[in-house]
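# Summary of structural features
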Amino acid sequence: HTSRPRSSFESDEQRKVTKDATFDLFSRLTVENSMMTIFSKSFEGKTDKEEKWYGTSYRAYPYSSSNLIKWTSCRSASSLGMFLPKPNQFIPTERGLQAKRSVDRKLLSKPLSFNDRVTPIKPPQVISGGKENDRWTVYFKQDDRYGQPKAYLIFELLTPDAYSTPKAAVLAQLYDLCLSDSLGEYSYDAVLAGLTYNLQVLPRGVRLTFGGYNEKIVAFMNYVSDKVVTNFRDVLPKNADELERFKDTVSRELAAFDTKQPYSHSIFYTALSTQPFRFQYSNSEMRDALESITLEDLFDFVQSLWSRGQGEALVQGNLDKKEALRIIDAFDKAIPFNTISDEVVPPYLTPLPLPLCSSISKLVNIRISEPNVNNKNSASQVMFQCLGTSEKDHVLIELLSSIINEPFYDDLRTNQQLGYIVSCGAKAVGKT
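Let us look at the structure shown here. The written sequence of each chain sets the order in which its residues are numbered from 1. Reporting of local features is limited, given that this is a predicted model, to residues whose pLDDT is at least 70; pairs of side-chain atoms are given and counted only at 80 or more, and all residues count toward the totals for whole chains, interfaces and linings. Hydrogens are left out, water is left out, and the side-chain values use all remaining heavy atoms of the structure.

## Some remarks on the overall build of the chain
Segments assigned H or I by DSSP are reported as helices when at least four residues long, segments assigned E as strands when at least two residues long, and all are numbered from the N terminus. The number of helices and strands found in the chain is 13 helices and nine strands. Atoms counted for the radius of gyration: C-alpha only. Globule rule: 2.2 Å times residue count to the power 0.38. Against the 2.2 N^0.38 benchmark of 22 Å for 432 residues, the chain shows a C-alpha radius of gyration of 30 Å, more extended than a compact globule. Taken across its 432 residues, the chain has 28% of its residues classed as buried. Summarising the internal contacts of the chain: among those between residues at least 6 apart in sequence, 77% fall at separations of at least 24. Areas reported here follow the Shrake-Rupley algorithm with a probe of radius 1.4 Å; residue values treat only the protein chains shown as occluding. Only carbon and sulfur atoms are counted for the fraction: they give 53% of the accessible area of the chain, which is about 30100 Å². Each residue is assigned to one of three classes by its accessible area relative to the maximum for its type, calculated with a 1.4 Å probe on protein chains only: buried under 20%, partly exposed between the two thresholds, exposed over 50%. Contacts were defined at the residue level, with two residues in contact if any of their heavy atoms lie within 4.5 Å.

## Description of helix H13 (residues 391–415)
Here the expected span of a helix is defined as 1.5 Å times the quantity of residues minus one. In a regular helix each residue adds 1.5 Å, so 25 residues correspond to 36 Å; H13 covers 35 Å between its end C-alpha atoms and thus fits that length. Of all the bends in H13, the largest measures some 35° and sits at Ile-404, one to four residues before the proline Pro-407. Bend angle per residue: angle between axes fitted to the 7 residues ending at that residue and the 7 residues starting there.

## Quick look at the pattern of salt bridges
Whenever Lys or Arg places a side-chain nitrogen within 4 Å of a carboxyl oxygen from Asp or Glu, that contact is recorded as a salt bridge. Tallying each qualifying case throughout the model produces 13 salt bridges. Between Lys-100 and Glu-323 there is a salt bridge whose closest N-O contact spans 3.3 Å. Within this pair, whereas Lys-100 is found in the loop between helix H2 (65–72) and helix H3 (106–109), its partner Glu-323 is found in helix H12 (residues 321–334), the two being separated by 223 residues in sequence. The class of Lys-100 is partly exposed, set by a relative accessible area of 41%. You can call Glu-323 buried: its relative accessible area is 18%. Taking the shortest distance from any N to any O, the salt bridge between Asp-161 and Arg-308 comes out at 2.9 Å. Here the residue Asp-161 occupies a position in the loop between strand E5 (150–158) and helix H5 (166–182), and Arg-308 occupies one in strand E8 (residues 308–317), the gap between them amounting to 147 residues. Using a relative accessible area of 32% as the deciding quantity, one classes Arg-308 as partly exposed.

## Here's the deal with the side chain of Asp-161
You can call Asp-161 buried: its relative accessible area is 18%. Reaching out from Asp-161, the side chain makes a polar contact with the side chain of Arg-308 at a distance of 2.9 Å. If sequence neighbours within four positions are ignored, Asp-161 has contacts with Ala-168, Phe-301, Ser-304 and Arg-308. Here a polar contact means two N or O atoms within 3.5 Å. Within protein one must be a hydrogen donor candidate and the other an acceptor candidate, and residues neighboring in sequence count only if both atoms are side-chain atoms.

## Here's the deal with the packing of helix H8 (residues 240–255) against helix H10 (residues 283–291)
Note on geometry: axes are C-alpha line fits, over the in-contact stretch for helices, and angles between N-to-C directions span 0 to 180 degrees. At a minimum axis separation of 10 Å, H8 and H10 run at an interaxial angle of 160°. Taken together, the axes of H8 and H10 are roughly antiparallel relative to one another. Two packed elements cross with a definite hand, and for H8 against H10 that hand is left-handed. Between H8 and H10, the residues in contact are Lys-247, Val-250, Ser-251, Leu-254 and Ala-255 and Asn-283, Met-286, Arg-287, Leu-290 and Glu-291, respectively. Just so you know the grouping, Ala, Val, Leu, Ile, Met, Phe, Trp, Tyr, Cys and Pro go in nonpolar, Asp, Glu, Lys and Arg go in charged, and all remaining residues, Gly too, go in polar. Residue composition of the contact of H8 with H10, grouped by class: five nonpolar, two polar and three charged. Angles below 35 degrees are treated as roughly parallel, those above 145 as roughly antiparallel, those between 65 and 115 as roughly perpendicular, and all remaining angles as oblique. Crossing handedness: left-handed means the near helix sits turned counterclockwise from the far one by under a right angle, and right-handed means the same turn made clockwise.

Honestly, that's just the spatial picture; any functional story needs more than this.
Listed below in structure tokens is the structure:
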């Protein structure tokens, strides 16, 4: 006996004893050894016993002979089209649960000292890329702290075709929706076995992320990448009617924007005013673009999305450098894109600078009517922009936010009672 579930066996004999005990338990799961409990108000007045502790009235009697005959001689499950699930191919083996680098787990339970908290963690190192003809820039970091048999993989193809227009942004949403719907059945076993994946079409390109037990993560990555890129038509709608179903889902999501609270609209439009072109589009632009999208548009978008770009990847966890490079090679074979120059790669997000004002009367003032005509509330957001990118700039903004947060809330919410929702804080935009 053990106080914790067994995760390994010390010998073949120990494994055999456990296996025999398991089969013995299964052999006892018969109709004769079963008990059926039925609750119903219709049994009132038909009971003959009373439970000792709570006084619940009940009646107990054996199964009838006719029922026992029926249940023991019923048709097999296979004859009714019922089968046990197939073995889950993504469950790691015992060998796959071993950590490649031993760590002192006692250190994980100890609180970090002040020096430990302020000491930066060693960043991933570049193990491939950086040269002119390199297809991938690969960042790698082996787990040297947690000792978990898991890995995390991020592949991003930087391409100018991802968010080039509002139509492309809507096609990206449709692509993501179709993929999740089509791969749901296959990825179900993977999710049960602790594996995950995620597709994101971002302003600078398209990103695929995988996580979970490292022994099976490569097989899962190969299947998903094949469906996402090579055989993408398998996961996209088969006809116009099926496409309309996905378009309706996206249309409902976009229409839900109108029913949000005014403060949400205020936050959205304030952010939109500082976003450069190709990073974000208005809700109305997205709705207009959705109406004219066809199935061919979706096919062309997905094909062009993976056709050219520059690759960046992060491999982190219970893997060594050789395994990391083999993973990159396998993924690169699934995505035969053409490389592009640095000049074509979309730049990092840099917020648009607001005009400098010499007085309050000359502040930039954006007024937008509330989309929800039934909501009589209003909202106002005031933004002070700091375009500094140094650590000192970041600390000063956080410090300023901490200083004005409490008096700002106390005056507007408590004293003047100008609004129910009052908040103050710092928000990062790009590197600022």
